[in-house]
Amino acid sequence: MKVPLLDLNAQYKPILNEIRTAIEELFLTHKYILGPQVKKLEDKISDYCNTTYAVGCASGTDALVLALKALEIEKGDEIITTPFTFFSTVSCIHRVGAKPIFVDIDPRTFNIDPSKIESSITSKTKALIIVHLFGQPAEMDRIIDIARKYNLRVIEDDAQGLGSKFDGKTAGSFGDIGTLSFFPSKNLGAMGDGGMCITNNETLYNKLHQLRIHGENPQYFHKWVGLNSRLDTIQAAVLLVKLPYLERWSKERQKNAEYYYKNMNDIPQIKLPYIHEKATSIYNQFTLIAEKRDDLLKHLKANNIGCAIYYPKPLHIQECFSYLGYKMGNMPIAEELADKVISIPVYPELTQIQQNYIIDTIRKFYN
Ligand SMILES: *Cc1c(COP(=O)(O)O)cnc(C)c1O
């Protein structure tokens, strides 16, 4: 049996005709840049996330850069974030000339540990970038309390957490700006790159709007140096077709996760993902902590089971950030987990037969 980590064939098959029709409509209008589908999608996504506004852009990475620029983060500012995340969370800080300050993670949730944030705050700290890793929101109640106390801005990197909830409130709607990615493998993926910022703040919304078109307002008059970063109309058209299915897909991911919890919790060599009592995960990934992880990875691959390491090297010790002066040992929990985590298939179309095969294959490896 073959089980991919994500099955885009299975995802697209039932909606391919709808998508074809949506794309063909573009041949009648040729509004490829900021066509009406973009605004329509922005309205639907802000509804879905319970925010007032949304601004589409070219990628999740650009959404983070736009968010930092909108908050006027610049050279000399310090931004607190997690070392255990995708590269973009931190590269955006470097790109606006600010300095990333890393805070280690909670070993259970893999998200930033709120109890370690305050000791890293200095007079230069301007903002926090909080990641909702693998689909589980970070502890936003404690994080927002800290941000209020020290008057810090909060960006939520919600690339993996679209529609997840903490204490009943939607991820991405807690802070000043939430950022989304529509990279094809995200829970809501486009047929190419795409991203979005969400916010409840009208001033930030207007700024983000201008920043994505070179900071101009009106046309050819530039108050800021912005980016050229729009969500393509064609991607918005595809996403408008897919968005109505997202809730169902998330429920199916949750159902698949439940099946693992029920049928795989007796293997002593692996730990299943811990979900905080106030959090609802949308399981962008189902990530185990596994003994003999590298051998397990080989064993699963040899048995045609898709799996991956997110992430093999924490960001504080990446070569490109060596100028920051962090060393191995500075973020012990992130470093340990980088050697122990492995993500296995949890995508919505996964069948019970496939899940049983995955569970059996893992069981056999440890027996
Ligand atoms: C995917 C991802 C991004 C970047 O999104 P792109 O659309 O690929 O630029 C940023 N942060 C996290 C946590 C991600 O998973």
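Only a predicted model underlies this, so the values are computations on that prediction, with no experimental measurement involved. (Residues numbered from 1 in each chain as written. Predicted model: local features only at pLDDT ≥ 70, side-chain atom pairs only at ≥ 80, totals over all residues. Heavy atoms only, no water.)

## Details of the overall build of the protein chain
When helices and strands are counted, the protein chain shows eleven helices and 13 strands. Considered along the principal axes of its C-alpha atoms, the protein chain spans approximately 70 × 55 × 35 Å. Out of the 367 residues belonging to the protein chain, those deemed buried represent 58%. Approximately 16,200 Å² of the protein chain is accessible, and the part contributed by carbon and sulfur atoms is 51%. Mean positive and mean negative side-chain charge positions of the protein chain (43 and 42 charges, respectively) differ by 2 Å. (Helix = DSSP H or I, 4+ residues; strand = E, 2+ residues; numbered from the N terminus. Buried < 20%, exposed > 50% of the residue type's maximum accessible area, 1.4 Å probe, protein only. Areas by Shrake-Rupley, 256 points an atom, 1.4 Å probe, with all protein chains shown as cover. Lys, Arg positive; Asp, Glu negative; His and termini not counted. Charge placed at Lys NZ, Arg CZ, Asp CG, Glu CD.)

## Regarding the pairing of strand E12 (residues 286–290)
Counting buried residues in E12 gives five out of five residues, a clear majority hidden from the surface. By the alternation rule, side chains of E12 split into Phe286, Leu288 and Ala290 and Thr287 and Ile289, which are all buried. Sheet analysis places strand E10 (residues 270–271) next to E12, joined by two bridges and oriented antiparallel. Residue pairing across strands places Ile270 opposite Ala290, the latter belonging to E12. In terms of strand pairing, E12 meets strand E13 (residues 341–344) through four bridges, oriented antiparallel. The residue bridging Ile289 from the neighbouring strand is Val341, located in E13. (Pairing = 2+ DSSP bridges.)

## What about the sheet that holds E13?
A sheet is described by the order of its strands in space; here three strands give the open sequence E10-E12-E13, paired in antiparallel fashion. Either end of the sheet is taken by a strand with one partner, and the two such strands are E10 and E13. Packed on one face of the sheet, helix H9 (residues 293–302) meets E12 and E13 and runs near 20° to E13. (Contact = heavy atoms within 4.5 Å. Axes fitted to C-alpha atoms, helices over the stretch in contact; angles between N-to-C directions.)

## Digging into the pattern of salt bridges
The final tally for this structure, using the stated rule, is 14 salt bridges. For Arg363, the salt bridge is made with Asp266, and the minimal N-O distance between the two is 3.1 Å. Linking Arg363 in helix H11 (residues 352–366) with Asp266 in the loop between helix H8 (233–263) and E10, this pair joins segments that are 97 residues apart in sequence. The exposure class assigned to Arg363 is partly exposed, which follows from its relative accessible area of 25%. Classification of Asp266 by relative accessible area gives partly exposed; the value is 46%. (Salt bridge = Lys/Arg side-chain N within 4 Å of Asp/Glu carboxyl O.)

## Observations regarding the domain arrangement of the protein chain
How big an interface is tends to be stated in terms of accessible area lost as the parts join. Assigned domains of the protein chain: these are domain 1 (8–244) and domain 2 (245–366). Each of domain 1 and domain 2 has a C-alpha centre, and the two are 24 Å apart. Contacts between the two partners involve 49 residues from domain 1, matched on the other side by 37 residues from domain 2. Interface area, domain 1 with domain 2, both sides summed: about 3,900 Å², of which 63% is carbon and sulfur. Remark: the boundary between domain 1 and domain 2 carries one salt bridge. (Domains from an automatic or database assignment. Buried area = accessible area lost by both parts, 1.4 Å probe.)

## Things to note about the sheet that holds strand E11 (residues 279–280)
The antiparallel open sheet is built from three strands, whose spatial order is E7-E6-E11. If you trace the sheet from one side to the other, it starts and ends with strand E7 (169–170) and E11, each paired once. As defined by bridge partners, strand E6 (residues 165–166) adjoins E7 across two bridges and the pair is classed as antiparallel. When the bridges of E7 are listed, Lys165 appears paired with Thr170.

## A word on unusual backbone geometry
Across the junction of Asn217 and Pro218, the peptide omega takes the value -10°, indicating a cis bond. Relative to the helices and strands, Pro218 is located in the loop between helix H7 (202–211) and H8. With an omega of 5°, the peptide bond running from Tyr310 to Tyr311 counts as cis. Counting through the fold element by element, Tyr311 comes out in the loop between H9 and helix H10 (332–338). With a phi angle near 55°, Asn50 is a residue other than glycine that sits in the positive phi range. The topology assignment puts Asn50 in the loop between helix H3 (36–49) and strand E1 (53–57).

## Examining the side chain of Arg253
By secondary structure assignment, the location of Arg253 is in helix H8. Despite its burial, Arg253 pairs with no opposite charge; the closest candidate is Glu349, at 6.6 Å N-O. For Arg253, the residues in contact, after removing those within four places along its chain, are Leu6, Asn187, Ile282, Tyr283, Asn284, Val346, Tyr347 and Pro348.

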